[in-house]
Amino acid sequence: MARNRILFVCHGNICRSAMAECMLTDLVRSRGLESQFEIDSAATSREEIGNPIYPPAKRMLLNKHILVIPHKARQITSLDMDYFDHIIYMDRNNLFNLGRMFPGNLSKLRPMLPDRDVADPWYTGDFLATYNDLANGIERLMKDLGY
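None of these values were measured; they are calculated from a predicted model.

**Q** Tell me about the pairing of strand S3 (residues 86-89), residues and numbers included.
**A** On S3, burial covers both faces: His86 and Ile88 on one face and Ile87 and Tyr89 on the other are all buried. Alignment of strand S1 (residues 4-10) against S3, held across four bridges, turns out to be parallel. Residue pairing in the sheet places leucine 7 in a bridge with isoleucine 87 of S3. Across three bridges, the pairing between S3 and strand S4 (residues 109-111) is parallel. When the sheet's bridge partners are listed, isoleucine 88 is paired in S4 with arginine 110. Each parallel crossover has a hand, and for S3 linked through helix H4 (residues 92-101) to S4 it is right-handed.

This is the structure in structure tokens:
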């Protein structure tokens, strides 16, 4: 079967992209689609490299009964840009940074939400709003992929 290789990207890879990775992984497992997906996440910055998912983000996932997978923040690489089929960014700043990091190599990029940025809980403290944004974006992604 064909695999859908999906990489979620945000600034630090400890909140939004890590949450999205856990949420999509959990959804894929619940539907028995593991063999059709490869899911990961990364950062545009180096600020949080090696750090685990941010504790309030982890708590939100656990409160929603989402399995939290082992995580260490990492920065996106050119190998990721080549390997992944879909690179999903959380906000316009991520898109700007990706464009600076990988000029001319943006064909695989798409926003998590088509009409606005995903709420950044690092600044807002509102992890429920972020969870809801991610859930909506993941639902749209699955529809776009035919699931």
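**Q** Describe the sheet that holds strand S2 (residues 37-43), naming the residues involved and giving the relevant values.
**A** Spatial ordering of the open sheet is given by S2-S1-S3-S4, a layout of four strands whose pairing is parallel. Each of the sheet's edge strands pairs with one partner strand only, and the pair in question is S2 and S4. In this sheet, adjacent strand axes meet at a mean angle of 25 degrees when their direction is disregarded. Its contacts with the sheet put helix H6 (residues 127-144) on S1, S2, S3 and S4, and the angle it makes with S4 is roughly 130 degrees.

**Q** Which residues make up unusual backbone geometry, and what values go with them?
**A** The phi angle at asparagine 13 is positive, at roughly 65 degrees, despite the residue not being glycine. Inspection of the secondary structure puts asparagine 13 in the loop between S1 and helix H1 (16-30). Accessibility expressed as a relative area gives 0% for asparagine 13, which makes it buried. Positive phi is not limited to glycine here, since histidine 65 has a value of about 65 degrees. Residue position: histidine 65 is located in the loop between helix H2 (55-63) and helix H3 (78-83).

Criteria and cut-off values
Residues numbered from 1 in each chain as written. Predicted model: local features only at pLDDT ≥ 70, side-chain atom pairs only at ≥ 80, totals over all residues. Heavy atoms only, no water. Buried < 20%, exposed > 50% of the residue type's maximum accessible area, 1.4 Å probe, protein only. Helix = DSSP H or I, 4+ residues; strand = E, 2+ residues; numbered from the N terminus. Pairing = 2+ DSSP bridges. Right-handed = clockwise from strand over helix to strand, strands pointing away. Axes fitted to C-alpha atoms, helices over the stretch in contact; angles between N-to-C directions. Contact = heavy atoms within 4.5 Å.

Function-wise, these values are silent; they only describe arrangement.
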